[in-house]
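Next come the chains, spelled out residue by residue.
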Amino acid sequence: MNAPLLSLYFDGNCPFCAAEMKRLRHWDTHARLDFIDIADPAFDASEQGLDLHAMNLQLHGRLANGDILVGLDTMLAAYTMAGKSWVVLPLRIKALRPLLSMLYRQFALKRYAFSRLMGYKQVPDCAEGVCRSRHPFLGD
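If you're wondering where the values come from, they're calculated on a predicted model, not measured in any experiment.

Most of strand 1 (residues 6-10) is tucked away: five of the five residues are buried. The alternating pattern of strand 1 places Leu6, Leu8 and Phe10 and Ser7 and Tyr9 on opposite faces, both of which are buried. Note: strand 1 against strand 2 (residues 33-37), five bridges, orientation parallel. Across the sheet, residue Leu6 finds its bridge partner in strand 2, namely Leu33. Each parallel crossover has a hand, and the one from strand 1 via helix 1 (residues 15-27) to strand 2 is right-handed.

Next comes the structure, spelled out in structure tokens:
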């Protein structure tokens, strides 16, 4: 088995973030992505040579060659590697990048509030025999 091409460092306590990583994991049929929950008590950012505070401000990724991606660049790479580049098509438009980057940073800072507003709940994948994984806009 080949090593993943991109490791994604995400906040597993953020309902929206966790749902999107679950979706990416489902789409990643060629195992190009690795998912690392920075909210896991066992996670140590210093072992990765990274700063946990910075990782909490924006999504981070590490390419197989060791290069670090941050924010929109991480999302662009992840969705493309999962075979869903159409989802992040606007991120490829240079004229939109500054605006989208600013909006993303604001979203990331307020991700818990946005998660609630978008209908995401902080619940386990399965509780009392009922499993919930539906994205409120994209479905399953």
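One recurring pattern in soluble globular proteins is that nonpolar side chains are buried together. One finds Leu6, Leu8, Met21, Leu24, Leu33, Phe35 and Ala78 to be the most contacted residues of the largest nonpolar core, which totals 21 residues. Taken together, the elements giving at least two residues each to this core come down to strand 1, helix 1, strand 2, helix 3 (72-81) and helix 4 (97-109). Apart from residues lying up to four places away in sequence, Leu8 is in contact with Met21, Leu24, Leu33, Asp34, Phe35, Ile36, His60, Gly61, Thr74 and Ala78. Ranked by size, the runner-up nonpolar core spans seven residues in total, among them Tyr9, Phe43, Ala45 and Leu50.

Attention now goes to the environment of Tyr120. By the secondary structure assignment, Tyr120 is in the loop between helix 5 (111-117) and strand 5 (126-127). For Tyr120 and Phe16, which are 104 residues apart along the polypeptide, the C-alpha to C-alpha distance reads 6.1 Å.

Looking now at the pattern of salt bridges. One pass over the full model with this rule turns up two salt bridges. Between Asp11 and Arg111 there is a salt bridge, with its nearest N and O atoms 2.9 Å apart. Here Arg111 lies in helix 5 and Asp11 lies in the loop between strand 1 and helix 1, a separation of 100 residues in the sequence.

It is worth spelling out the side chain of Asp11 at this point. The exposure class assigned to Asp11 is buried, which follows from its relative accessible area of 6%. One polar contact links the side chain of Asp11 to the main-chain amide nitrogen of Asn13, over a distance of 2.9 Å. A polar atom in the side chain of Asp11 sits 2.5 Å from the side chain of Tyr112. Among residues more than four places away in sequence, those in contact with Asp11 are Cys17, Ala18, Asp37, Ile38, Ala39, Asn56, Arg111 and Tyr112.

Each value, and the rule that gives it
- Residues numbered from 1 in each chain as written.
- Predicted model: local features only at pLDDT ≥ 70, side-chain atom pairs only at ≥ 80, totals over all residues.
- Heavy atoms only, no water.
- Buried < 20%, exposed > 50% of the residue type's maximum accessible area, 1.4 Å probe, protein only.
- Helix = DSSP H or I, 4+ residues; strand = E, 2+ residues; numbered from the N terminus.
- Pairing = 2+ DSSP bridges.
- Right-handed = clockwise from strand over helix to strand, strands pointing away.
- Core = buried A, V, L, I, M, F, W, Y, C linked by side-chain atoms within 4.5 Å.
- Contact = heavy atoms within 4.5 Å.
- Salt bridge = Lys/Arg side-chain N within 4 Å of Asp/Glu carboxyl O.
- Polar contact = N/O pair within 3.5 Å; in protein donor to acceptor, adjacent residues only side chain to side chain.

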